Amino acid sequence: QVQLAESGGGLGQAGGSLTLTCAASGHGFRAAGMGWFRQAVGKQREFVAGIRRDGSSMYAPSVNGRFIVSGDIAKNTVILQLASLKVEDTAVYYCYARSGDDYDFWGQGTQVTVSS
């Protein structure tokens, strides 16, 4: 069984920054990619950013240039640095870890609230 542990998040101010971290654990598990989705109240879960084992990363247009995803996929860890926060970044952020056969494991989610 693969488990994901998220940390960080909390309350931030518009224009400020926050950092989220996530670590995946499980016997023999090697993530092919990791990243983050988010879900705001009343909205569908949406992709935020992800990083692959080869080091390539991808971002949603709404966060590109403001958020940075990094980590050591070989060690099943990923970090999301949120900067230039906007009120609309308020959401529950979910970490995912993708296996080599494209199965996604999910964290419990961590709340990010941005005040104006």
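Everything that follows concerns the structure shown earlier in this document.
Computed from a predicted model, the values in this text were never measured in an experiment. (Residues numbered from 1 in each chain as written. Predicted model: local features only at pLDDT ≥ 70, side-chain atom pairs only at ≥ 80, totals over all residues. Heavy atoms only, no water.)

Draft legend 1. Geometry of the layout of surface pockets. Within this model, the largest pocket holds a volume of roughly 180 Å³. R38, A40, K43, E46 and E88 are the residues nearest the centre of the largest pocket, which is lined by 13 residues in total. The class makeup of the residues in the lining of the largest pocket is two nonpolar, four polar and seven charged. (1 Å grid on protein atoms, 1.4 Å probe; cavity = no way out; pocket = protein on both sides within 12 Å on 5 of 7 lines; lining within 4 Å. Points joined across faces, edges and corners; volume = space filled by probe spheres on them. Nonpolar A, V, L, I, M, F, W, Y, C, P; charged D, E, K, R; others polar.)

Draft legend 2. The pattern of salt bridges, seen in detail. Throughout the structure, instances matching the rule amount to four salt bridges. With its nearest N and O atoms 2.8 Å apart, the salt bridge here joins D89 to R66. Note that D89 is positioned in the loop between β8 (77-82) and β9 (91-98) and R66 in the loop between β6 (57-59) and β7 (67-72), a separation of 23 residues in sequence. Using a relative accessible area of 0% as the deciding quantity, one classes D89 as buried. A relative accessible area of 12% means that R66 is categorised as buried. In this structure, R98 and D104 form a salt bridge, with 2.6 Å as the shortest nitrogen-oxygen distance. Exposure remark for R98: the relative accessible area of 31% places this residue in the partly exposed category. It is possible to trace a salt-bridge network through shared partners that takes in R38, E46, R66 and D89. (Salt bridge = Lys/Arg side-chain N within 4 Å of Asp/Glu carboxyl O. Helix = DSSP H or I, 4+ residues; strand = E, 2+ residues; numbered from the N terminus. Buried < 20%, exposed > 50% of the residue type's maximum accessible area, 1.4 Å probe, protein only.)

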